[in-house]
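Architecture at a glance
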Amino acid sequence: MADRSEDSYMRQAIELARQPLSAPHPNPRVGCVIVVDGQVVAEGLHQQAGTDHAEVAALKAERDFRGGSMYVTLEPCATHGRTPPCSTRILSSGISRVVIASPDPNPVNGGLGIKQLREFGIQTEVGLLADDARAINRGFFSRYERGRPWVTAKIAATLDGRVATANGESQWITGEAARSDVQLLRAQASAVLTGVGTVLADDPRLNCRLDGIQRQPLRVIVDSHLRTPETARLFTVEGDILFATGGKVESEPFQNSEGQPRTVSFGSIDGRVDCRKLLDYLSELEINNVLVEAGPTLVGELVHAGLVDEMVIYLAPAILGDSAMAMVVAPTIKHLTDRYHGKFEDVRLVGDDIRIQLLLS
């Protein structure tokens, strides 16, 4: 059998990192493959913060790695955090060559792992399938390079772009397969964000209900006047909640199980929460990815402010007509040159619905 290409080994590492229930927040998702004499002898991924990083997980295989090559999607760490540095473990493994897709954007560690490997004589190459590897960790890179999380807006709509009937009925526009797919989005998100209008209308829990989930995303409720009722189903399931308000917080209306405050004021713009400051705050909390599951007004505000990076739209094979609610409420656009523009990254069927992944420019 012919030797596999360099790209194929790195793609295998990337697919490992993509595993849907791998969510090591706030750490990046990383996959690793070790090849000796043209054969894959070990692989690993980072599944949860505080557990083995992908490189160490792979090196725990009981194999002779001497003269082997390691393919890893992100630069191995060289500093001691929750776990010992991966670079030190690689140095003692017998690995002679390390192929890294992307350098680490974290200034504390970025470049140190590469430098250490090269100083100890390990052939180190950087950049193979870098764009594909970065795409796995858009939020991680966004937090370090832009100072805010990567924001994905999820929308369930009809073919004519309607998210609810004229009287607000929306459950359920899309089918069960699409709703299950949303659970995967929640599993991979650091935080799920919605507005108080959605809380009052739909009473959602906003938690991830997949078996084997390692952690629940932080649930963020944009609630300018703190109208969320204490009887909301949000409070009936495990997981932290943050209430984002615009006015001064005189007292803490909502407390977590430890009695700690979870309401923060971010100031207001025209009476509405300053979401740019909110995202800055979430970045400080080491939130990489924010999944927005909100109504058309809040989604429209975020899109208009340039704060939505990606949309995942589930289109049902149905039509509600022009009296129904549009998927985005935004200022009137009079010229095509002023439209919000994006790029299709993925389009596929999920059950009976169409799933569109759109990157906004």
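For the structure itself, look to the data block above.
Residues numbered from 1 in each chain as written. Predicted model: local features only at pLDDT ≥ 70, side-chain atom pairs only at ≥ 80, totals over all residues. Heavy atoms only, no water.

On a plain count of helices and strands, the protein comes out with ten helices and 18 strands. Put simply, of all contacts in the protein between residues at least 6 apart along the chain, 67% involve residues at least 24 apart. Carbon and sulfur atoms provide 49% of the accessible area of the protein, an area that totals close to 17,400 Å². Distance between charge centres in the protein, computed from 37 positive and 46 negative side chains, equals 1 Å. (Helix = DSSP H or I, 4+ residues; strand = E, 2+ residues; numbered from the N terminus. Contact = heavy atoms within 4.5 Å. Areas by Shrake-Rupley, 256 points an atom, 1.4 Å probe, with all protein chains shown as cover. Lys, Arg positive; Asp, Glu negative; His and termini not counted. Charge placed at Lys NZ, Arg CZ, Asp CG, Glu CD.)

Looking at the largest pocket, its volume works out to about 1,200 Å³. Around the largest pocket, the lining comprises 46 residues; the ones closest to its centre are Thr 198, Asp 202, Glu 293, Ala 294 and Gly 295. Elements with a contribution of two residues or more to the lining of the largest pocket: strand E6 (150–158), strand E7 (162–164), helix H7 (176–188), helix H8 (196–202), strand E13 (272–273) and helix H10 (296–304). When residues in the lining of the largest pocket are grouped by element, the largest group, six residues, is from H7. In this structure, the second largest pocket encloses a volume near 850 Å³. The wall of the second largest pocket is formed by 32 residues, among which Arg 29, Ala 135, Gln 188, Glu 310 and Gln 357 lie closest to the centre. At the level of elements, helix H5 (130–136), helix H6 (138–145), E6, H7, strand E14 (289–292), strand E15 (310–316), strand E17 (342–350) and strand E18 (353–360) are the ones that each hand at least two residues to the lining of the second largest pocket. (1 Å grid on protein atoms, 1.4 Å probe; cavity = no way out; pocket = protein on both sides within 12 Å on 5 of 7 lines; lining within 4 Å. Points joined across faces, edges and corners; volume = space filled by probe spheres on them.)

Turning our eyes to something else, we now look at unusual backbone geometry. A cis amide bond, omega 5°, links His 25 with the succeeding residue Pro 26. Take Pro 26: it is sitting in the loop between helix H1 (6–17) and strand E1 (31–36). Cis geometry is found at the peptide bond from Gln 171 to Trp 172, where omega equals 0°. Mapped onto the elements, Trp 172 comes out in the loop between E7 and H7. Non-glycine residue Leu 129 carries a positive phi angle of around 55°. As for its placement among the helices and strands, Leu 129 is situated in the loop between strand E5 (123–126) and H5. Positive phi, normally seen in glycine, also occurs at Glu 286, with a value near 65°. Along the chain, the position of Glu 286 falls in the loop between helix H9 (275–284) and E14.

Moving on, we come to the sheet that holds E1. Ordered in space as E2-E1-E3-E4-E5, the five strands form an open sheet in which the pairing is mixed. Here the strands that pair on one side only, and so sit at the sheet edges, are strand E2 (39–45) and E5. When the angles between neighbouring strand axes are averaged without regard to direction, this sheet yields 15°. Here E1 pairs with strand E3 (residues 69–74) via four bridges, running antiparallel. Note that in E3 the partner of Val 35 across the bridge is Ser 69. (Pairing = 2+ DSSP bridges. Axes fitted to C-alpha atoms, helices over the stretch in contact; angles between N-to-C directions.)

A few words now on the pattern of salt bridges. Two side chains carrying opposite charge are able to pair once their charged atoms lie near each other. Enumeration over the complete set of coordinates arrives at 17 salt bridges. A salt bridge links Arg 134 to Glu 145, with the shortest nitrogen-to-oxygen separation between them at 3.0 Å. You can see Arg 134 sitting in helix H5 and its partner Glu 145 sitting in helix H6, a full eleven residues away along the chain. Across the pair Arg 148 and Asp 309 runs a salt bridge whose closest N-O atoms are separated by 3.0 Å. Placement of Arg 148 in the loop between H6 and E6 and of Asp 309 in the loop between H10 and E15 is noted, with a sequence separation of 161 residues between them. Look at Asp 309 and you get buried, because its relative accessible area is 7%. (Salt bridge = Lys/Arg side-chain N within 4 Å of Asp/Glu carboxyl O. Buried < 20%, exposed > 50% of the residue type's maximum accessible area, 1.4 Å probe, protein only.)

Moving on, we come to H7. Along its 13 residues, H7 runs 19 Å from first to last C-alpha, staying within 8% of the 18 Å computed at 1.5 Å per residue. Packing partners of the buried residues in H7 comprise E6, strand E8 (191–195), E14, E15, E17 and E18. (Expected span 1.5 Å × (residues − 1).)

Bringing empty space enclosed by the protein into the picture now. Counted according to the given criterion, the structure contains one cavity of 30 Å³ or more. Put simply, the parts of the chain that give the lining of the largest cavity at least two residues each are H9 and E14. The element best represented in the lining of the largest cavity is H9, accounting for three residues. By residue class, the composition of the lining of the largest cavity is eight nonpolar, no polar and no charged. (Nonpolar A, V, L, I, M, F, W, Y, C, P; charged D, E, K, R; others polar.)

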